[in-house]
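Topology and contacts: notes
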Amino acid sequence: MASLAAALAAPRIEFIRIAGGFRRIMKTELGAEQLCACCNEPWPMDSEFFQVSSRGVSYECNACIRERARARATPRRRAAQAVAALLGNDPLSVTGHAAASG
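Quick summary incoming for the structure in this document. (Residues numbered from 1 in each chain as written. Predicted model: local features only at pLDDT ≥ 70, side-chain atom pairs only at ≥ 80, totals over all residues. Heavy atoms only, no water.)

Before going further, it helps to spend a moment on the state of the cysteines. With the rule as written, the count across this model stands at zero disulfides. The thiol sulfur of Cys38 is not disulfide-bonded, and the nearest other cysteine sulfur, from Cys64, lies at 3.9 Å. Here Cys39 is not disulfide-linked; the sulfur of Cys36 is the nearest cysteine sulfur, at 3.6 Å. Classification of Cys39 by relative accessible area gives partly exposed; the value is 31%. (Disulfide = S-S within 2.5 Å. Buried < 20%, exposed > 50% of the residue type's maximum accessible area, 1.4 Å probe, protein only.)

Given below as structure tokens:
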């Protein structure tokens, strides 16, 4: 009997077909919440938690998008720091502007 009550109290997940794919949306007392495609956490469907554009709402939450961008940028940042260390921390010496400006 307790499992029936828990099942009825749990938010219902609806799969809604929209342009570009399916959305996993839960109807709760707070309103519509979307499950992030990356972390599978439910978040309110607004611009604070998802990127909203004229094409629609993103599938991934803003936190997952930032985390992926940070992970992508880390190797680039390390490579740039290695190049700067090889060049004596003078990024302008690559283009030759350092000699022309002095």
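Now for the packing of aromatic side chains. Applying the stated criterion to the full structure yields one aromatic pair. Ring geometry for Trp43 and Phe49: centres 5.4 Å apart, planes at 15°, overall stacked. (Phe/Tyr/Trp six-rings, centres within 6.5 Å; stacked < 30°, edge-to-face > 60°.)

Where side chains of opposite charge bring their charged atoms close, a pairing between them can arise. Following the criterion strictly, the structure yields one salt bridge and no others. Taking the shortest distance from any N to any O, the salt bridge between Glu60 and Arg68 comes out at 2.4 Å. A residue is classified by how much of its surface remains accessible, and Arg68, at 39% relative accessible area, is partly exposed. (Salt bridge = Lys/Arg side-chain N within 4 Å of Asp/Glu carboxyl O.)

Turning next to a nonpolar patch on the surface. On the surface, a nonpolar cluster with roughly 300 Å² of combined accessible area is contributed by Val83, Leu86 and Leu87. In this structure, Leu86 sits in helix H2 (residues 62-86). Owing to a relative accessible area of 76%, Leu86 belongs among the exposed residues under this scheme. (Patch = residues over 30% accessible without salt bridge, like charges linked within 9 Å, V, L, I, M, F, W, Y side chains within 5 Å. Areas by Shrake-Rupley, 256 points an atom, 1.4 Å probe, with all protein chains shown as cover. Helix = DSSP H or I, 4+ residues; strand = E, 2+ residues; numbered from the N terminus.)

Before going further, it helps to spend a moment on unusual backbone geometry. Phi is positive for Asn40, which is not a glycine, with a value near 60°. In this fold, Asn40 is placed in the loop between strand E3 (31-35) and strand E4 (42-44).

The next thing to look at is the side chain of Glu33. Within the secondary structure, Glu33 sits in strand E3. Although Glu33 is buried, it makes no salt bridge; Lys27 carries the closest opposite charge, 11 Å away. Aside from chain neighbours lying at most four places away, what touches Glu33 is Arg24, Ile25, Met26, Thr28, Pro42, Trp43, Pro44 and Met45. (Lys, Arg positive; Asp, Glu negative; His and termini not counted. Contact = heavy atoms within 4.5 Å.)

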